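Notes for the structure review
Next come the chains, spelled out residue by residue.
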Amino acid sequence: MSSASANDANDADELSMGNVSGATRVTGVIGDPVIHSLSPALHNAAFAALGIDWASVPFPVSAGGGAQAVEAMRTLGLAGLSVTTPHKDAVARAADEVSDAAAALGAANCLVASADGGVRAENTDGDGFLGGLLEDADTTVRGKTVAVLGAGGAARAISLACAEAGAARVLVVNRTAQRAARCAGLASSVGAVAQQADIPGADIVVNATTVGMAPDSAMPCDPALLHSGQIVVDIVYNPAETVWLAAARAAGIRSYNGGSMLVHQAAVAIAHWTGHTAPVDAMRSALQARLG
Ligand code: NAP
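The following refers to the structure shown. Just so you know, these numbers come straight off a predicted model, no measurement behind them.

Some remarks on the site of the ligand
Taken together, 21 residues are adjacent to the ligand, and Ala154, Asn174, Arg175, Thr176 and Arg179 come closest. Between an oxygen atom of the ligand and a side-chain N or O atom of Arg179, the distance comes to 2.8 Å. In this structure, a nitrogen atom belonging to the ligand sits 2.9 Å away from a main-chain N or O atom of Ile235. Against a free-state accessible area of 930 Å², the protein chains account for coverage of 75% of the ligand.

So, the sheet that holds strand 11 (residues 231-234)
Within the open sheet, the six strands sit side by side as 9-8-7-10-11-12. Their pairing is parallel. If you trace the sheet from one side to the other, it starts and ends with strand 9 (191-193) and strand 12 (254-256), each paired once. The mean inter-strand angle of the sheet, taken between neighbouring strand axes irrespective of direction, is 20°. Sheet topology note: the strand 10 (residues 204-207)/strand 11 ladder contains four bridges and is parallel. Each residue of the ladder has a partner; that of Asn207, found in strand 11, is Asp234. The strands that helix 8 (residues 177-186) touches are strand 8 (169-173) and strand 9; relative to strand 9, the one it contacts most, it runs at about 170°.

Comments concerning the sheet that holds strand 5 (residues 110-113)
Reading across from one edge, 2-1-3-5-6-4 is the order of the six strands in this open sheet, with mixed pairing throughout. Across the chains shown, the open sheet's two edge strands, defined by having one partner strand only, are strand 2 (54-60) and strand 4 (97-98). Of the strand pairs in this sheet, strand 1 (residues 25-31) and strand 3 (residues 80-83) are connected by four bridges, and their pairing is parallel. Among the inter-strand pairings, Thr27 is bridged to a residue of strand 3, identified as Gly80. The strands touched by helix 2 (residues 39-50) within the sheet are strand 1, strand 2 and strand 3, with strand 2 carrying the most contacts at an inclination of about 170°.

Digging into the pairing of strand 11
What you see with strand 11 is no split at all: Ile231 and Val233 on one side and Val232 and Asp234 on the other are buried throughout. Summarising the sheet, strand 11 and strand 12 pair through three bridges and their orientation is parallel. Looking at the pairing, Val233 lines up with Tyr256 of strand 12. For the handedness criterion, the β-α-β arrangement of strand 11, helix 9 (residues 243-250) and strand 12 is classed as right-handed.

Reading the values: the criteria
- Sequence order as written defines the numbering, with residues in each chain counted from 1.
- In view of the model being predicted, local features appear only for residues whose pLDDT reaches at least 70, and side-chain atom pairs are presented and counted only at 80 or more, with totals across whole chains, interfaces and linings using the full set of residues.
- Hydrogens are left out, water is left out, and the side-chain values use all remaining heavy atoms of the structure.
- Here a residue is considered near a molecule or strand provided that any single heavy atom belonging to it is located within 4 Å of it.
- Think of a polar contact as two N or O atoms within 3.5 Å of one another; within protein, one of them needs to be a possible hydrogen donor and the other a possible acceptor, and neighboring residues in sequence only count if both atoms come from side chains.
- Method for areas: the Shrake-Rupley scheme with a 1.4 Å probe, in which residue coverage is limited to the protein chains shown.
- One requirement defines pairing of two strands: DSSP has to find at least two bridges between them.
- The way it works is that DSSP assigns letters per residue, a run of H or I at least four long becomes a helix, a run of E at least two long becomes a strand, and they are numbered from the N terminus.
- Note on definitions: angles span 0 to 180 degrees between N-to-C directions of axes, and those axes are lines fitted to C-alpha atoms, for helices only across the stretch in contact.
- For this analysis, residues touch if any pair of their heavy atoms sits within 4.5 Å.
- Burial status follows relative accessibility: with a 1.4 Å probe on protein chains alone, a residue under 20% of its type maximum counts as buried, one over 50% as exposed, and anything between as partly exposed.
- Convention used here: a crossover is right-handed provided that the path from the first strand, over the helix, to the second strand proceeds clockwise when the strands point away from the viewer.

Written as structure tokens, this is what we have:
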């Protein structure tokens, strides 16, 4: 073998093996599709910054395969999995233990291997939202009125978390009234179904719909309903600034995208899996490197 091809082979070995050893703890993300998930990049940045022998990989799991993935986690001894669409409901049903938030939501985005070989289902989206808000806007929801636009999985996690964190009111504004009622119900006594006209009365306005996610450039509400006394969060992070968020910023409103929520929900997962406090700065850098 020429020295050039020997070097190529060494490079290839280096690339294919990385630092994986026989003792490496394996985690990952399941979804359909999962190829574009940013979770492995965030997890691996965290493991590297913590200096621990852990790795995260994407596992494509077809719709309907969520329960089998939980079984595979037990069989393969995986340390944890992040869970994305369409498996969040199925894994919550298939897990051996379910956290209070995942049980209330009927959905989990994080699976954790228990010491006894079982699997615990967690939902870290709500804490991820609150952590992102604290980091970005240096504020909490305590005593505030939060308008949540949308009533899907993310909106429900955010509504529940805001109520539990002491929000004065959680106003759910959604296209489909029945789903809005279910979402508002999660915020119990502080939750209410609301209309777009109620948005100006909120302290914090959160877009938790899929509206504005690339390649869509529509807006979840008329930006004229927003004002400079508010904080606006669009949990969409692709594009980094939606048309709606840009309109809010142009109007002088403090506005933030979903990058911090993404980092913080992954940080909670890292803490569940490893027992370490997640290195949020390293994870944010990894996200910025991916999204530009
Ligand atoms: P989902 O369960 O499918 O819910 C989608 C929501 O969007 C529903 O309330 C739906 O209303 C609403 N919607 C969709 N199209 C609409 C339209 N044309 N006009 C008005 N409302 C519309 O989705 P999800 O899992 O909650 O995710 C929502 C968004 O959050 C996605 O963009 C996702 O990427 C993002 N997300 C971000 C993070 C993060 O960490 N930053 C975490 C989770 C999710 P109906 O009920 O009327 O159908």
